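A closer look at the structure
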Amino acid sequence: MSAISVRDLSMTYRAPVREGGLRAAVASLVRRRYREIRAVREISFEVGPGEVVGFIGPNGAGKTTTLKMLSGILHPTDGEARVLGFVPWRREREYLRRIAMIRGSQPIGGPPELTVMDSLRFQQLIYEVQDEEFKRNLSELDEMLDLGSLLERQIRALSLGERMRSGLALALVYRPRVLFLDEPTIGLDVSAVQMIRSFVATYSRETEATVLLTSHYMADVETLCRRIVLIDHGCIAYDGDLMGLSATLSPYKLVRVAVSDGACGDWSRYGEVVESEPGRVSLRVGRQDVPAVTARVLAELSVVDLAVEEPPLESVMDRVYREGVA
Amino acid sequence: MRRLMRLLSAYVWRQFLEVMAWREFVVTLTINQAITPLLGLAVWSAALPGRSGISTYYVALLVVQLMTVSYEHHTLSNGIYAGEFSNDLLKPHATVLPTLGMNVAMRIWHLLVGIPLIAALVLVVGVSLDARHSLLAVPALVLAAALRFVFTYALALSALWTQQAHWVVGFGETLIFLLGGSAAPITLFPEGVRPLGAALPFRAMLGFPAEIASGSLSGAEVLAGYGWQVLWLGALTATAAVVWRSGVRRYTAVGG
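Residues numbered from 1 in each chain as written. Chains lettered and ligands numbered in written order. Predicted model: local features only at pLDDT ≥ 70, side-chain atom pairs only at ≥ 80, totals over all residues. Heavy atoms only, no water.

**What about the overall build of chain B?**
Along its length, chain B carries 12 helices and zero strands. From first element to last, N terminus to C terminus, chain B shows the α and β order α-α-α-α-α-α-α-α-α-α-α-α. Counting only C-alpha atoms and orienting by the principal axes, one finds that chain B spans roughly 60 × 40 × 35 Å. Buried residues in chain B amount to 50% of all 256 residues. Total accessible area on chain B is roughly 11400 Å²; 70% of this is exposed by carbon and sulfur atoms. In chain B, 15 side chains carry a positive charge and 10 a negative one; their mean positions are 9 Å apart. (Helix = DSSP H or I, 4+ residues; strand = E, 2+ residues; numbered from the N terminus. Buried < 20%, exposed > 50% of the residue type's maximum accessible area, 1.4 Å probe, protein only. Areas by Shrake-Rupley, 256 points an atom, 1.4 Å probe, with all protein chains shown as cover. Lys, Arg positive; Asp, Glu negative; His and termini not counted. Charge placed at Lys NZ, Arg CZ, Asp CG, Glu CD.)

The following block contains the structure:
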């Protein structure tokens, strides 16, 4: 049985619109005009128990709207979804006790005057975590997130990275079975990003929690997710393993060549030059042309090294976000 | 029910600590809330010199005012506008609890800050409080506090439809001021209007407990007043529940 099952899920907003200027502003008081915005269009996918899935796409693609529907904050216009067997937007107590939604932009809600420990105790009360279980969970989270020095500090005095660590502890101290992580590393420094990535990987492995992760940082996705669901203009553009993403979405491969004599007249006759330095070049070559190009390079030049690589995920996604899915 | 009370206590404690961070502002808020009962006291004491019970009524009204203050247009409505309402929807308990917790915490703070003022007034204006009347007013005060919260909460939910929630709640507050016994005690309303004033929910939210405490009501009038309070509490709670259900449906349909 899937942990998350989505079938033909759609969400259409009605957003008020008007032209610029005072006259239009006054007229809109009397007669309002609306435009329908189809944020999510009949998407379907399944996520198995314990799976960590990257849910990626450009800004405005429908990622957060989908997460909000699956966490019960939004009611879809059409379609069905089940998370752990529950219909999310019914917001049943038993359902809400089993999920957590963590937003990188706002990792901690509630009064900033409280200490992290106060807030953890509050979570214990709300989610009815027994004392023994609370201590055990907190000890594990402390080990993974290095919470020791944060527990007695007020939330308002924490840095962004410390807030994220505390926010994760608050969201996970009751051991949710499904995590919706919305940009969990946004704005964090390199060390904090590494810690959060390592934590999410360890947590999902040890607790077998299902994780649906959105992030604009491809390194997050590459580190944590074997599977990618790419959403673009509200539609699923790709659903499959990470390795296959480049192959599916990018018609190019990267051919890296090093030659012994340190020079080559015109690299562009082999492919599009991405970067070059004396004796070394990276070429973008159409997938179907790769065998012929490598054969020509090997035959015509004194090659000391040659590698054919998938393009970096970051550049594939940059292309997809700018130009759309072909 | 026990779990609900434990959660509410926890929310009150949390919000009490939060308000502690801006306690100076609470002093300003308390002074604002005290102004209308103090003005009423000054105006009606001058207009009806020697009339027994006016001073006691307005000092009691000040206590009621401080213990029934409701700022849901700031707490709930602003939370809806800022999207923080979504966090409440994710909690596995009744969504009203954080707002109610803040409401109770704010009332405790208002009372704590207002105690010196109330004590000074008792000494200066010569309040004569009867223990029996005071005890009889306590349940009315609790009902008034519940009623005013439900009323303001329902109005603050208008933020789910419009950006004008502050105006909507402000209009409700004006009605409470005019018809609740603050601008003038209901007992001083013209003969023909008095029964209407006594029956409207605004007196049940504010003036009624003060009328009991000042000893200005007969036994039958106290009973009738309690009847109106219970009736209005039921009606407004049902209304708030309907508004809530409809509002959440809309919120979850148009986006958090």
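**Let's talk about the environment of Leu236(B)**
Residue and element names in this part refer to chain B. Structurally, Leu 236 can be placed in helix α12 (residues 219-254). For Leu 236, a relative accessible area of 14% gives the class buried. Each C-alpha atom of the pair Leu 236 and Thr 152 lies 10.0 Å from the other, and the pair is 84 residues apart in sequence. Not counting residues within four places of it along the chain, the set of residues in contact with Leu 236 comprises Leu 147, Val 150, Phe 151 and Met 205. (Contact = heavy atoms within 4.5 Å.)

**Some remarks on a nonpolar patch on the surface**
The grouping of Leu22(A), Val26(A), Leu29(A) and Val30(A) at the surface amounts to a nonpolar patch, some 500 Å² of accessible area in total. Relative to the elements of secondary structure, Val30(A) occurs in helix α1 (residues 22-30). (Patch = residues over 30% accessible without salt bridge, like charges linked within 9 Å, V, L, I, M, F, W, Y side chains within 5 Å. Salt bridge = Lys/Arg side-chain N within 4 Å of Asp/Glu carboxyl O.)

**Points about the sheet that holds strand β11 (residues 272-277) of chain A**
All names here are of chain A. Across the sheet, which stays open at both edges, the four strands sit in the order β11-β12-β10-β13 with antiparallel pairing between neighbours. Because the sheet does not close on itself, it has two edges, and the strands there are β11 and β13 (303-309). Direction aside, neighbouring strands of the sheet carry axes that sit 15° apart on average. Two strands pair when backbone bridges link them, and strand β10 (residues 252-259) and strand β12 (residues 280-286) are joined in this way by seven bridges, in the antiparallel orientation. Residue Lys 253 lies in a different strand from β12, and its bridge partner there is Val 285. Packed onto the sheet, helix α10 (residues 290-300) meets β10, β12 and β13 and runs at close to 170° relative to β13. (Pairing = 2+ DSSP bridges. Axes fitted to C-alpha atoms, helices over the stretch in contact; angles between N-to-C directions.)

**A word on the nonpolar core**
With 86 residues, the main nonpolar core has Ile4(A), Phe45(A), Leu70(A), Phe180(A), Leu212(A) and Phe85(B) as its most contacted residues. Ranked by residue count, the leading element in this core is helix α7 (residues 131-156) of chain B, at 11 residues. Excluding residues within four positions of it along the chain, Phe85(B) makes contact with Leu76(B), Gly79(B), Ile80(B), Thr95(B), Leu160(B), Trp244(B), Val248(B) and Tyr251(B). Counting residues in each nonpolar core, the second largest holds 62 residues, with Leu147(A), Met218(A), Leu242(A) and Met317(A) among its members. (Core = buried A, V, L, I, M, F, W, Y, C linked by side-chain atoms within 4.5 Å.)

**Some thoughts on the packing of aromatic side chains**
Tallied over the full model, the rule gives 14 aromatic pairs over all chains. Aromatic side chains Phe16(B) and Trp109(B) sit 4.8 Å apart centroid to centroid with 20° between the ring planes, which places their arrangement in the stacked category. Residue Phe16(B) is found in helix α1 (residues 2-20), and its partner Trp109(B) is found in helix α6 (residues 97-125); the two are separated by 93 residues along the sequence. Relative to Phe202(B), the ring of Phe151(B) has its centre 5.9 Å away and its plane inclined at 80°; by these criteria the two rings are edge-to-face. One end of the pair, Phe151(B), is in helix α7; the other, Phe202(B), is in helix α10 (residues 201-205), and 51 residues separate them in sequence. We note that Phe151(B), like Phe202(B), is buried. The residue whose ring lies beneath Arg284(A) is Tyr252(A), and the NZ or CZ to ring-centre distance is 5.8 Å. The ring of Phe122(A) carries Arg14(B) above its face, with NZ or CZ at 3.9 Å from the centroid. (Phe/Tyr/Trp six-rings, centres within 6.5 Å; stacked < 30°, edge-to-face > 60°. Lys NZ or Arg CZ within 6 Å of the ring centre and 35° of its normal.)

**Section: the sheet that holds strand β3 (residues 52-56) of chain A**
All names here are of chain A. Across the sheet, which stays open at both edges, the six strands sit in the order β5-β6-β7-β3-β8-β9 with mixed pairing between neighbours. The strands lining the two open edges of the sheet, one partner per strand, are β5 (99-103) and β9 (235-241). Within this sheet the neighbouring strands show an average axis-to-axis angle of 15°, counted without direction. Examined bridge by bridge, β3 and strand β7 (residues 210-214) share three bridges and lie parallel to one another. Directly across from Val 52, in β7, lies its bridge partner Val 211. Packed onto the sheet, helix α2 (residues 63-71) meets β3, β5, β6 (178-182), β7 and β8 (227-232) and runs at close to 155° relative to β6. Relative to β9, helix α9 (residues 242-249) is tilted by about 130°, and along the sheet it contacts β3, β8 and β9.

**Re a negative patch on the surface**
Where like charges cluster on the molecular surface, the negative patch consists of Asp8(A), Glu42(A), Asp78(A) and Glu80(A). As for its placement among the helices and strands, Glu42(A) is situated in strand β2 (residues 33-47).

**Regarding the interface of chain A and chain B**
Listed per partner, the contact involves 28 residues of chain A and 27 residues of chain B. Of the roughly 2400 Å² buried at the junction of chain A and chain B (both faces included), carbon and sulfur atoms supply 64%. Counting every contact that joins chain A to chain B gives one salt bridge. Note that Glu128(A) is salt-bridged to Arg3(B), the shortest N-O span being 3.2 Å. Across the contact surface, chain A and chain B share three residue pairs in polar contact (both at pLDDT 80 or more). At five residues, helix α4 (residues 116-126) of chain A tops the list of elements feeding residues into the side of chain A that touches chain B. Of the residues assigned to the side of chain A that touches chain B, the class counts are 13 nonpolar, seven polar and eight charged. (Buried area = accessible area lost by both parts, 1.4 Å probe. Polar contact = N/O pair within 3.5 Å; in protein donor to acceptor, adjacent residues only side chain to side chain. Nonpolar A, V, L, I, M, F, W, Y, C, P; charged D, E, K, R; others polar.)

**Comments concerning α10(A)**
Residue and element names in this part refer to chain A. Val 290, Val 293, Thr 294 and Val 297 are the residues of α10 that are buried. Looking straight down α10, one finds its buried side chains confined to an arc of 95°; they lie on one side. With respect to the buried face of α10, the exposed residues turned more than 90 degrees away are Pro 291 and Ala 299. Looking at the buried positions of α10, the neighbouring elements they touch are β10, β12 and β13. (Arc of directions from axis to C-beta.)

**Description of the pattern of salt bridges**
All told, the structure shown has 21 salt bridges over all chains when counted by the stated rule. With a shortest N-O distance of 3.4 Å, Arg97(A) and Glu94(A) are connected by a salt bridge. For Arg284(A), the salt bridge goes to Glu272(A), with nearest N and O atoms at 3.0 Å. Linking Arg284(A) in strand β12 with Glu272(A) in strand β11, this pair joins segments that are 12 residues apart in sequence. On the accessibility criterion, Glu272(A) (44% relative accessible area) is partly exposed. Within the structure, one salt-bridge network assembled from shared partners comprises Arg93(A), Glu94(A), Arg97(A), Arg98(A), Glu128(A) and Arg3(B).

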